[in-house]
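# Geometric and topological summary
Here are the chains, one letter per residue:
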Amino acid sequence: MDRYDFILQLPEFYRSIPFSELQRVLGETCRRAGADLEFTFQQLWPQTASGWGLELWETAYGIPIDVTKDVQFRRTRVISKLRGQGTPTVELIQAVAASFANGTVEVIEHNDEFYFVIKFVSILGVPPNINDLTAAINEIKPAHLKFIYEYTYRQWAGLKPYTWGQLINKTWKDLREGPLP
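Our subject in this report is the structure included herewith. This is a predicted model, so every value here is computed, not measured. (Residues numbered from 1 in each chain as written. Predicted model: local features only at pLDDT ≥ 70, side-chain atom pairs only at ≥ 80, totals over all residues. Heavy atoms only, no water.)

### Focus on the sheet that holds strand 3 (residues 146-150)
Strand order in the open sheet formed by three strands is 1-2-3, and the pairing between neighbours is mixed. With partners counted over all chains shown, the strands left at the sheet margins are strand 1 (105-110) and strand 3, one partner each. Strand-to-strand twist of the sheet, defined as the mean angle between neighbouring strand axes without regard to direction, takes the value 20 degrees. Examined bridge by bridge, strand 2 (residues 115-120) and strand 3 share five bridges and lie parallel to one another. Bridging across to strand 3, Val117 finds its partner in Ile148. Sitting on the sheet, helix 4 (residues 90-101) is in contact with strand 1 and strand 2, with an inclination near 140 degrees to strand 1. Contacting strand 2 and strand 3, helix 5 (residues 130-140) runs over the sheet at an angle of about 150 degrees to strand 3. (Pairing = 2+ DSSP bridges. Helix = DSSP H or I, 4+ residues; strand = E, 2+ residues; numbered from the N terminus. Axes fitted to C-alpha atoms, helices over the stretch in contact; angles between N-to-C directions. Contact = heavy atoms within 4.5 Å.)

### Overview of the side chain of Arg75
Turning to its location among the elements, Arg75 is positioned in helix 3 (residues 71-83). For the buried Arg75, which has no salt bridge, the nearest side chain bearing the opposite charge is Asp70, at an N-O separation of 7.7 Å. (Buried < 20%, exposed > 50% of the residue type's maximum accessible area, 1.4 Å probe, protein only. Lys, Arg positive; Asp, Glu negative; His and termini not counted. Salt bridge = Lys/Arg side-chain N within 4 Å of Asp/Glu carboxyl O.)

### Some thoughts on the nonpolar core
One finds Phe116, Ile118, Phe120, Leu133 and Ile137 to be the most contacted residues of the largest nonpolar core, which totals 20 residues. At the level of secondary structure, the elements contributing two or more residues to this core comprise helix 4, strand 1, strand 2, helix 5 and strand 3. Of all the elements, helix 4 adds the most residues to this core, at six residues. Filtering out sequence-adjacent residues up to four positions away, Phe120 remains in contact with Ala101, Thr104, Val105, Pro127, Ile130, Leu133, Tyr149, Glu150, Tyr151 and Thr152. In this structure, Ala49, Leu54, Trp57 and Val78 belong to the second largest nonpolar core, which totals five residues. (Core = buried A, V, L, I, M, F, W, Y, C linked by side-chain atoms within 4.5 Å.)

### Some details on a nonpolar patch on the surface
Taken together, the side chains of Leu37, Phe41, Leu44 and Trp45 present a nonpolar region at the surface, about 430 Å² in accessible area. Tracing the backbone shows Phe41 in helix 1 (residues 17-42). Residue classification places Phe41 among the partly exposed positions, given a relative accessible area of 41%. (Patch = residues over 30% accessible without salt bridge, like charges linked within 9 Å, V, L, I, M, F, W, Y side chains within 5 Å. Areas by Shrake-Rupley, 256 points an atom, 1.4 Å probe, with all protein chains shown as cover.)

### Describing unusual backbone geometry
Excluding glycine, most residues fall at negative phi; most peptide bonds, likewise, are trans. Positive phi, close to 60 degrees, is recorded for Phe114, a residue that is not glycine. Note on placement: Phe114 falls in the loop between strand 1 and strand 2.

So this is what it looks like as structure tokens:
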């Protein structure tokens, strides 16, 4: 039984025409109000925000609003900005980089040479949103430090279990970093 179907909760007498229409309208109004309330609650967290709620998050953190971008990508930018608050530590840079890469990232410091390395450990190749990650890292890192990326690629030894026939339709890029059969 639908909790907003009020007519079913009343005695048979009230199921006549005038009362049933009133109960139907009240039920529909409550259904819409419940859905609106649920949608509004989703806007309170960047992980579930969308539409106007996501725009509020972006505005609050000074992120340019670009509605042509995917919602999940926009959420990642907000979450990265949230993680980027505070003192720039190795852990903070690692967390921000991991949120963009959707994988494990290592940060290797070279303090005596004033740079650090961001190494992508669990993903192959260059992450698709590397330019946005670069912008996020530049916002949180100390100005005097430089950084470089270190990517992971599949080695030839990783292809030994396959025959040329199985890999004939793959490009070199697919072999280096794409899924294999």
